[in-house]
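Structural overview for review
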Amino acid sequence: MAEPAKPLLIKRYASRRLYNTETSDYVTLEDIAGFIRAGREVQIVDLKSGDDLTRQYLLQIVAEHESKGDTVLPTNVLTDLVRSYTSNIQSVVPQFLAASFEMLRDGPTKVIENMNAIPNPLTAMPGFDLMRKQQEAFMKTMMGGVPGWGGSGPAKEDSAQDPAEELAEIKKQFAELQKKLSKL
């Protein structure tokens, strides 16, 4: 089995310039975004301290794209992210987002497998099933125009419920979750 490629090492100099160690030249944030879009993993480190700055720069890339009008994250999602930093749900958010993007990468054949995979400790959390349904709806919305996903792609063989039934089920689960929350 082939060993996964090492991340592309980018060094940040004291001048804040970013240096690609593979090609021995300076790169911009847009260059780094291009490497990532091409499927490359990157690691950005401070030359002097050795600190890993990858998260900081990835967040900066996202912020720049969002500020230019390349909006991927709706305002309500950004608001919920901010709220998650100060709530008890903080520990669930990274796992939920990671699972969502993993499904995007893996494609439609893995979605059902991921949803019904090995028992997940999160499934015991109140409202998890509702969150899973919302994740599925999010995936359908995001991938509606991509062949193989909802929208214009081929119909799923195992889709037993029609959208109206699914919506009714989600509303029922949401009402149950609201009842549980009001008791707390």
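Calculation criteria
- Residues numbered from 1 in each chain as written.
- Predicted model: local features only at pLDDT ≥ 70, side-chain atom pairs only at ≥ 80, totals over all residues.
- Heavy atoms only, no water.
- Axes fitted to C-alpha atoms, helices over the stretch in contact; angles between N-to-C directions.
- Helix = DSSP H or I, 4+ residues; strand = E, 2+ residues; numbered from the N terminus.
- Parallel < 35°, antiparallel > 145°, perpendicular 65-115°, else oblique.
- Contact = heavy atoms within 4.5 Å.
- Nonpolar A, V, L, I, M, F, W, Y, C, P; charged D, E, K, R; others polar.
- Salt bridge = Lys/Arg side-chain N within 4 Å of Asp/Glu carboxyl O.
- Buried < 20%, exposed > 50% of the residue type's maximum accessible area, 1.4 Å probe, protein only.

- Per an unreviewed UniProt entry, the protein chain goes by Polyhydroxyalkanoate synthesis repressor PhaR and derives from Cypionkella sinensis.

**Brief notes about the packing of helix 1 (residues 29–37) against helix 2 (residues 54–67)**
- Running from N to C, helix 1 and helix 2 cross one another at 100°; their axes reach a closest spacing of 10 Å. Taken together, helix 1 and helix 2 sit at an angle that is classed as roughly perpendicular. In contact with L29, E30, I32, A33, I36 and R37 of helix 1, helix 2 contributes Y57, L58, Q60, I61, E64 and H65.
- For the contact of helix 1 with helix 2, a count of residues per class yields seven nonpolar, two polar and three charged.

**Side note on the pattern of salt bridges**
- This model, assessed by the stated rule, comprises three salt bridges.
- Put simply, R12 and D46 hold a salt bridge, and the shortest N to O gap is 2.9 Å. Of this pair, R12 sits in strand 1 (residues 8–12) while D46 sits in strand 4 (residues 42–46), and the two are 34 residues apart along the sequence.
- Residue classification places R12 among the buried positions, given a relative accessible area of 13%.
- E22 is paired through a salt bridge with R40; the nearest N and O atoms lie 2.6 Å apart. You can see E22 sitting in the loop between strand 2 (18–20) and strand 3 (25–27) and its partner R40 sitting in the loop between helix 1 and strand 4, a full 18 residues away along the chain.

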